[in-house]
Amino acid sequence: MFVCGPTVYDYAHLGHARTYVVFDVLARYLRSTGMEVFYLQNITDVDDKIINRSRSEGSSYRELARRFEAEYLKDMRSLGIDSVSYYARATTHIPEIIDQIRRLVAHKAAYVTDTGVYFDIETFSYNGQLSGQDASKRKSRVNDVTKHNPADFVLWKSGEYGEYTWESPWGRGRPGWHIEDTTITEKYFGQQYDIHGGGLDLIFPHHEAEIAQMESLEGRHPMVRYWLHTGFLTIDGEKMSKSLHNSITIRDALSRWTKDNIRYFILLSHYRSPLQVTEKGIIQAGRALEHIRTISVRDNGINPEGREEFITAMESDLNTPMAMAAIQKLADSGDIEALKAFGEILGIDFIRNNSVPLTILQEIRSELRARKEFKLADMIRDRMVAGGIPITDPPLK
Ligand code: AMP
């Protein structure tokens, strides 16, 4: 399984969390059925956005990209995302990228101009197989006068110098965006593989460009057996995105809500649907999760229907909202073993974890209340409740 990774020039936000939690659950689920899953993700560490930000910050591209890559990995760990087998950076695959472009030129699927190398969209007959649109009629982002057709896309940008440029047969420069992914997947999987994932915004042009590149090499079709695209996480009706300045970073969200609360909120919606994020929605999800934990104390043995319902839901195009309904039934009947096992797949602890820090916090609150320092005690309680940990205080003596 290959999932498009982030462009590392800023902190990851809840939109990223949505997409990567979904694929984390898919990998965990497939592994739980006994399949061997190699989950590959790329890291885009050479891109205009990185270059622009590093210029405005006065830092080096490399330093900026490495810094945000580390922050991204930290955020993923904080969200409990640990299923990725290998993260592959674009910049550590430059010789392979150059080799793939060279083969595309040799196959006459790409041509060279003064400004770089371009994919010739007219040579590829399966155009638009994902979006259902005729890609040759659409313009690509880079509009260069040297292109034969406005829909042709760049494979190598020549005539660029400085940090993050490399020597190539077409002059010093850097790779285009689409070619990094097909190079990385060809290296680790070969020209055909099982699953490719990413957000909805990547279908066109990115994923169609990937298909055109890979299938033009030796004509093997299809490049990928299953495509999965996540719907957007939106805020006030708009896609959450760094460029729209409406994003809530993962770390900000985690300072207010637990990772289980956030995962539960995300998984209550089907991955292909849009997901509107609101504070109320996250808090409600936290309460529902806490209710499951509150009733999941006594083990009443196996609930076969509940278990089957969970598996059927996961097998139905990863229908996590239906899986959550099954979790509710398993909690109602007290099938603790299933709650633990399915909790591992969803990356959520459904059994109350009376952890040491939680116990200490509760003890501190009791002490504060005994000293009549209610303001501080209430502040701790409110933060705990917002984080999905309900507190009901015993009456004061
Ligand atoms: P980017 O960092 O923009 O390259 O995005 C990395 C991945 O996160 C891609 O698969 C995007 O489609 C996905 N993504 C970005 N924003 C959102 C969002 N608001 N909702 C869902 N997925 C998103």
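Residues numbered from 1 in each chain as written. Predicted model: local features only at pLDDT ≥ 70, side-chain atom pairs only at ≥ 80, totals over all residues.

Quick look at the overall build of the chain
- When helices and strands are counted, the chain shows 14 helices and 12 strands.
- Considering only C-alpha atoms, the chain reaches an extent of 85 × 50 × 35 Å along its principal axes.
- A buried classification covers 42% of the 397 residues belonging to the chain.
- In the chain, the share of contacts with a sequence separation of at least 24, taken over all contacts with a separation of at least 6, comes to 72%. (Helix = DSSP H or I, 4+ residues; strand = E, 2+ residues; numbered from the N terminus. Buried ≥ 20, exposed ≤ 12 C-beta atoms within 10 Å, placed from the backbone. Contact = placed C-beta atoms within 7 Å.)

Here we look at the site of the ligand
- The immediate surroundings of the ligand are formed by 17 residues, with Pro-6, Gly-15, Gly-199, Leu-233 and Met-240 found nearest.
- Those elements giving two or more residues to the shell around the ligand turn out to be helix H1 (14-32) and strand S8 (193-199).
- Examining the composition of the shell around the ligand, we find that 4 residues originate from one element, H1, more than from any other.
- Looking at side-chain class alone, the shell around the ligand contains 6 nonpolar, 8 polar and 3 charged residues. (Near = placed C-beta within 6 Å. Nonpolar A, V, L, I, M, F, W, Y, C, P; charged D, E, K, R; others polar.)

Side note on the packing of helix H4 (residues 94-106) against helix H5 (residues 177-189)
- Two elements in contact, H4 and H5, have axes whose closest approach is 9 Å; the angle formed by their N-to-C orientations is 100°. Taken together, the axes of H4 and H5 lie roughly perpendicular to each other. Packed against H4, whose contacting residues are Glu-96, Ile-97, Gln-100 and Ile-101, the element H5 presents Ile-179, Glu-180, Thr-182, Thr-183, Glu-186 and Lys-187 at the interface.
- Split into classes, the residues belonging to the contact of H4 with H5 amount to 3 nonpolar, 3 polar and 4 charged. (Axes fitted to C-alpha atoms, helices over the stretch in contact; angles between N-to-C directions. Parallel < 35°, antiparallel > 145°, perpendicular 65-115°, else oblique.)

Quick notes on the sheet that holds strand S6 (residues 153-158)
- Ordered by their spatial adjacency, 4 strands build an open sheet running S4-S5-S6-S7, and the pairing between neighbours is antiparallel. Sheet topology places strand S4 (110-112) and strand S7 (173-175) at the edges, where each strand pairs with a single neighbour. Neighbour to neighbour, the strand axes of the sheet diverge by 20° on average, direction disregarded.
- For strand S5 (residues 116-119) and S6, the ladder comprises 4 bridges, and the chain directions are antiparallel. Residue pairing across strands places Gly-116 opposite Lys-157, the latter belonging to S6. (Pairing = 2+ DSSP bridges.)

Structural notes on the domain arrangement of the chain
- As far as domains go, the chain holds domain 1 (2-235), domain 2 (257-346) and domain 3 (356-386).
- Summarising the inter-unit geometry, the C-alpha centres of domain 1 and domain 2 are found 33 Å apart.
- Counting from both sides, the interface comprises 20 residues of domain 1 and, opposite them, 17 residues of domain 2.
- When contributions to the side of domain 1 that touches domain 2 are tallied by element, the ones reaching two or more residues are H1, strand S9 (224-230) and strand S10 (233-235).
- Counting residues per element, the side of domain 1 that touches domain 2 draws most heavily on H1, which supplies 10 residues.
- Considering only residue class, the side of domain 1 that touches domain 2 consists of 11 nonpolar, 7 polar and 2 charged. (Domains from an automatic or database assignment.)

Section: the environment of Arg-369
- Residue position: Arg-369 is located in helix H13 (residues 356-370).
- It is 40 Å that separates the C-alpha atoms of Arg-369 and Leu-73, two residues lying 296 residues apart in sequence.

Some details on the packing of H1 against helix H8 (residues 259-267)
- In contact at an axis separation of 10 Å, H1 and H8 are set at 85° when each is read in the N-to-C sense. Our classification of the angle between H1 and H8 gives roughly perpendicular. Note on element contacts: H8 touches H1 through Ile-262, Arg-263, Ile-266 and Leu-267, opposite Ala-17, Arg-18, Val-21 and Val-25.
- The class makeup of the residues in the contact of H1 with H8 is 6 nonpolar, no polar and 2 charged.

Quick word on the pairing of S8
- Burial analysis of S8 places 5 of its 7 residues in the buried class, which makes it a mostly covered element.
- Bridge count for strand S1 (residues 2-3) against S8 is 2 bridges, and the pairing is parallel. Its bridge partner lying in S8, Val-3 is registered against Gly-197.
- Judged from the 6 bridges that link them, S8 and S9 form a sheet pairing that is parallel. Each residue of the ladder has a partner; that of Gly-199, found in S9, is Thr-230.
- What joins S8 to S9 is helix H6 (residues 203-218), and the crossover it makes is right-handed. (Right-handed = clockwise from strand over helix to strand, strands pointing away.)

Describing the sheet that holds strand S11 (residues 238-239)
- Taken in spatial order, the 3 strands of this open sheet run S11-S10-S12, and their pairing is mixed. On the outer flanks of this sheet lie S11 and strand S12 (275-276), each paired with one strand and no other.
- Two strands pair when backbone bridges link them, and S10 and S11 are joined in this way by 2 bridges, in the antiparallel orientation. By the bridge assignment for S11, Ile-235 is matched with Glu-238.

Digging into H4
- Here H4 is 13 residues long and its end C-alpha atoms lie 18 Å apart, about the 18 Å a rise of 1.5 Å per residue gives.
- Each element contacted by the buried residues of H4 is listed here: S4, S5, S6, S7, H5 and H6.
- Just past H4, the residue Lys-108 takes up positive phi, approximately 65°. (Expected span 1.5 Å × (residues − 1).)

Section: the nonpolar core
- Within the largest apolar cluster, 93 residues are counted, with the highest numbers of intra-cluster contacts made by Ile-101, Ala-110, Phe-119, Leu-155 and Ile-327.
- Counting residues per element, this core draws most heavily on H1, which supplies 11 residues.
- When residues of this core are assigned to domains, at least three fall in each of domain 1 (2-235) and domain 2 (257-346). (Core = buried A, V, L, I, M, F, W, Y, C linked by C-beta atoms within 7 Å.)

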